[in-house]
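# Coordinate inspection notes
The chain contents come next:
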Amino acid sequence: MWFAGLLHLEYAASAGVIAFLTIQDTRRETSSSALRRGLAFCMMTVLCLPIFALFGNAPWAFGIFFAIFLLICFALHMQDSIAVNTVLATHYMAAGGVSLAMLKNEAGLLCVGVGLGILLNCFMPDNLRKIRAKQAELDNEMRQILQRMAVHVLKTEHPHYDGSCFTKTDQLLTEMEQETRIFIHNHYLENDLYFMRYLIMRREQCDILHTIYRQICKLTLIPEQAKPLSDYLQTVSDQYHEENDAVALLAELEDLQEQYRHQKLPETRSQFENRAILYAILSDLRTLLQIKQTFYQTLPKKGRDSSSFYKNNS
């Protein structure tokens, strides 16, 4: 309002209202909204020119303008431009129609209000710390899931092992996705989608962990091969962190599978079925680690640098 007053614009208070209405949840939304409002301003002025020239500044004349303008904005999905430009249209009506002086005045109000709205949006707090907090919480939850698997793969009874832990991971994935989308839309020049790719990678791994959980619940006896698998699950849990490229873990998995190949074959149907379950778990673990390895290997150097930058500045 103060700045519009310095420019000697009439209805300077409207600039403050426009600035307030311009601010959106993210910077990208604010910028796109500003572009739509500029386009709607042109359409509004073109509509006001003949309507107020023909029908004067009677309230019903404004009603005709508003009905047409409303339909156009809804048809073009520009609903967020209605309020701002309707306020400016009332200025045209009060002035008796569109004139060059009023056109300059209204364009000035729009530029001041929208421009300061965009500027204020740039000072919105970054949510990087929130993303990092959700990321750390998610990784810790998945690490605990692996620890519990290391315990329960040595059991045939699982009275309190009901898979409720996956409800927590699903919730964290959803919350992290929401924060990540806000982060992306608040960075105009940031093309690095590191956190979104990280989220997708962890979501795929959660699906694999859920499959392993169901396999563990099928065990009816504990073969001798279960103990090395339990130790390996604990190792994966201990090394389960963001910067692990999974190369060493995959090599250790191959060694474990090679040990299994040289062991005596099962003698009974029950032994065979439970050994098959352990083999399926081992295969799923390979897939889980390959997902992380692929993520790390296909991450551009810029993405890896961004990871370190965000980690040091979160």
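This structure is a prediction, so every number in the text was calculated from the model and none was measured.

This part is about the nonpolar core. For soluble globular proteins, nonpolar side chains are generally found buried alongside one another. In terms of nonpolar packing, the biggest core is built from 52 residues, with Met149, Leu209, Leu229, Ile281 and Leu289 touching the most fellow members. Of all elements in the fold, only α7 (128–152), α8 (165–185), α9 (194–216), α10 (226–238), α11 (247–261) and α12 (269–298) reach the threshold of two or more residues within this core. Residue contributions to this core peak at 12 residues, all from α9. Not counting chain neighbours up to four residues away, the residues in contact with isoleucine 281 comprise Val153, Ile212, Gln215, Ile216 and Leu229. Residues Cys48, Phe65, Cys73 and Ala89 belong to the second largest nonpolar core, which totals 29 residues.

Turning to the pattern of salt bridges, a few remarks are in order. According to the stated counting rule, one finds 11 salt bridges in the structure shown. Between arginine 148 and glutamate 141 there is a salt bridge; the shortest N-O distance is 4.0 Å. The exposure class assigned to arginine 148 is partly exposed, which follows from its relative accessible area of 28%. Overall, the relative accessible area of 13% leaves glutamate 141 in the buried class. Salt bridges sharing common partners tie together Glu177, Arg181 and Arg203.

Attention now goes to the packing of α9 against α12. Between α9 and α12, whose axes approach to 9 Å, the crossing angle comes to 175°. As far as their axial angle goes, α12 and α9 are roughly antiparallel. Counted by class, the contact of α9 with α12 contains 14 nonpolar, five polar and five charged residues.

As a further point, take helix α6 (residues 100–121). Side chains of residues three or four places apart in an α-helix project in the same direction, reflecting 3.6 residues per turn. Taking 1.5 Å of rise per residue, 22 residues should cover 32 Å, and α6 covers 31 Å from first to last C-alpha, within 8% of that figure. Within α6, burial applies to Met102, Asn105, Glu106, Gly108, Leu109, Leu110, Val112, Gly113, Val114, Gly117 and Asn121.

A separate point is unusual backbone geometry. A positive phi is found at tyrosine 11, a non-glycine position, where the angle reads about 55°. As for its placement among the helices and strands, tyrosine 11 is situated in the loop between α1 (2–6) and α2 (13–22). The class of tyrosine 11 is partly exposed, set by a relative accessible area of 34%. The backbone of histidine 77 sits at a positive phi, close to 55°, despite the residue not being glycine. In this structure, histidine 77 sits in the loop between α4 (59–75) and α5 (82–94). Here histidine 77 falls in the exposed class, since its relative accessible area comes to 61%.

Mapped onto the fold, phenylalanine 183 is located in helix α8. For phenylalanine 183, a relative accessible area of 2% corresponds to the buried category. Residues phenylalanine 183 and leucine 128, spaced 55 residues apart in sequence, show a C-alpha to C-alpha distance of 7.0 Å.

Here we take up the environment of methionine 44. Inspection of the secondary structure assignment puts methionine 44 in helix α3 (residues 27–55). Judged by relative accessible area, which is 0%, methionine 44 ranks as buried. Each C-alpha atom, one on methionine 44 and one on isoleucine 68, is 9.6 Å from the other, the two residues being 24 residues apart in sequence. The residues contacting methionine 44, other than those within four sequence positions of it, are Phe65, Phe69, Asn85, Leu88, Ala89 and Tyr92.

Rules of the game
Residues numbered from 1 in each chain as written. Predicted model: local features only at pLDDT ≥ 70, side-chain atom pairs only at ≥ 80, totals over all residues. Heavy atoms only, no water. Core = buried A, V, L, I, M, F, W, Y, C linked by side-chain atoms within 4.5 Å. Buried < 20%, exposed > 50% of the residue type's maximum accessible area, 1.4 Å probe, protein only. Helix = DSSP H or I, 4+ residues; strand = E, 2+ residues; numbered from the N terminus. Contact = heavy atoms within 4.5 Å. Salt bridge = Lys/Arg side-chain N within 4 Å of Asp/Glu carboxyl O. Axes fitted to C-alpha atoms, helices over the stretch in contact; angles between N-to-C directions. Parallel < 35°, antiparallel > 145°, perpendicular 65-115°, else oblique. Nonpolar A, V, L, I, M, F, W, Y, C, P; charged D, E, K, R; others polar. Expected span 1.5 Å × (residues − 1).

Shape descriptors only; they carry no functional weight alone.
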